[in-house]
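Remarks on the overall topology
Listed below are the residues making up each chain.
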Amino acid sequence: MEARLRWYQWLGMRIHLLYCVWCRRYASQIRFLHKACGGLDTETQANPSHTLSPEAKDTMRARLQEAMKDKPPPPQ
Amino acid sequence: MSPDQLQTEKVTTPGPSRTEVPQIDPERWLDEYGDVLFGFAMLRVRDRAIAQDLVQETFLAALKAKQSFAGRSTERSWLFGILRNKLVDYYRLQSRETAFLEPGSSVPEEEGLFHSGGPGKDGWILRVAPSAWEAPDDTLMNKEFQVVFQECVSGLPDKVAQVFLRREVDDVSSEEVCKEFDITPNNFWVMLHRARMALRRCLEVNWFGRSRERK
C-alpha cells in the first residue's frame, strides 16, 4: 500500500507502535479507510445523489442520434 | 485508426467466452449506463458540466469504435474502460493547467494535532489524539456509513481527492498516478497523507462521534 521502508525504519516504527497507543489507533484507522474505499467503487452501483438530469439526457440523446446519422467509418 | 479506437482496443480485455455479440444500441446505453457512468465521473471531477461532457464523450467514442467491441468484455466494462481513459486525459490536461502542491508543502490537516514544543514535542495532543473506533464488521456495508464517507471525500480539496481516489479506489500504482498528474513522488505522498488525515478526522466527527452519542 505504501512506499517500502528500509529495515531499520520498519523496526523503528514497530518499536514506536508498541508504546504509542494513538499511533496504533491511527494505523488501524488508515487500514479502515483503505477498506472503506472499496465502497466508493461506483462502477458497481449508481449514486442516487449524482444522476443525469432529464435535460442532460435529452441533450445527449440528441447528440448521439446526430452522430449515428453520420456515415459509418469504412471497414478496415 | 482514431485515438478513441485505440483507447477502446486497450480496454477490451478478454472476458468470459460468448457466442453472441450483443446488439449495439447507443440510446439504450444512455438509459442503462448514463447515471452510473455520470456518478463515477462526478465523484472524480466534482463538476456536473464536466462529468456530463465526459459521459457524452464516452458514448460518442464508443459509437465510433463500436466495430472493435466484439463482446469480449461486458458492454458495461467496455464503456467504463473508455470513461477511465477519458478521465486520465482530463487529469493530464488539468495537471498542465493547474499547479499542484509544491513539494514539502505543509499539511494543514495536521495543524493542532501535535505538540509543537516542550517535552512532548511532536507527540499527539491528547484532546485530539485518535480515539478508538468501534466499527462492527458490517459498518462498511452500511448505506448510511457510505453516504457519510462519500460526503467526507467530497469535502477534500479537488486535486487531493483526485489523487487519493486514483490510488485508493482505482488501485493505480503510485508511479502511474505521479505520471498521470505530473507530480513528484514527494508531492504524491503529501497529498495522500492530507487526504487520509482529513478523512480520518471527518469520520471521527461525523460517524464515530455520532455512534458514541447514540449509546
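Conventions adopted
Residues numbered from 1 in each chain as written. Chains lettered and ligands numbered in written order. Predicted model: local features only at pLDDT ≥ 70, side-chain atom pairs only at ≥ 80, totals over all residues. Helix = DSSP H or I, 4+ residues; strand = E, 2+ residues; numbered from the N terminus. Buried ≥ 20, exposed ≤ 12 C-beta atoms within 10 Å, placed from the backbone. Contact = placed C-beta atoms within 7 Å. Domains from an automatic or database assignment. Nonpolar A, V, L, I, M, F, W, Y, C, P; charged D, E, K, R; others polar. Core = buried A, V, L, I, M, F, W, Y, C linked by C-beta atoms within 7 Å.

**A few points about the overall build of chain B**
Counting its secondary structure elements, chain B contains eight helices and zero strands. Along chain B, helices and strands appear, N-terminal first, in the series α-α-α-α-α-α-α-α. Going through the 215 residues of chain B one by one, you find that 33% of them count as buried. In chain B, of all internal contacts separated by at least 6 residues, the share reaching a separation of at least 24 is 72%.

**Here's the deal with the interface of chain A and chain B**
Interfaces are often sized by the amount of accessible area the parts lose when they come together. Between chain A and chain B, the residue contacts involve 30 residues of the former and 34 residues of the latter. Going through the elements one at a time, helix 2 (21-36) and helix 3 (54-69) of chain A are the ones with two or more residues in the side of chain A that touches chain B. By residue number, the principal contributor to the side of chain A that touches chain B is helix 2 of chain A, which donates ten residues.

**Some details on helix 6 (residues 158-168) of chain B**
Among the eleven residues that make up helix 6 of chain B, ten are buried, leaving the element largely enclosed by the rest of the structure. Restricting attention to buried positions, one finds in helix 6 of chain B the residues Lys159(B), Val160(B), Ala161(B), Gln162(B), Val163(B), Phe164(B), Leu165(B), Arg166(B), Arg167(B) and Glu168(B).

**Looking at the domain arrangement of chain B**
Residues and elements named next belong to chain B. Assigned domains within chain B: domain 1 (3-97) and domain 2 (108-214). Mapped by element, the contributors of at least two residues to the side of domain 1 that touches domain 2 are helix 2 (26-45) and helix 4 (75-97). The greatest single-element share of the side of domain 1 that touches domain 2, amounting to four residues, is contributed by helix 4. A breakdown of the residues in the side of domain 1 that touches domain 2 according to their chemical character gives three nonpolar, one polar and three charged.

**Looking at the nonpolar core**
Residues and elements named next belong to chain B. Formed by 52 residues in total, the largest nonpolar core has its most connected members in Leu37, Ala41, Leu79, Leu83 and Ala195. For this core, the secondary structure elements donating two or more residues are helix 2, helix 3 (48-64), helix 4, helix 5 (143-154), helix 6, helix 7 (174-181) and helix 8 (185-214). No other element matches helix 2, which puts eleven residues into this core. Here this core spans two domains, since at least three of its residues come from each of domain 1 (3-97) and domain 2 (108-214). When neighbours within four sequence positions are excluded, Leu79 is seen to be in contact with Trp29, Tyr33, Leu37, Thr58 and Ala62.

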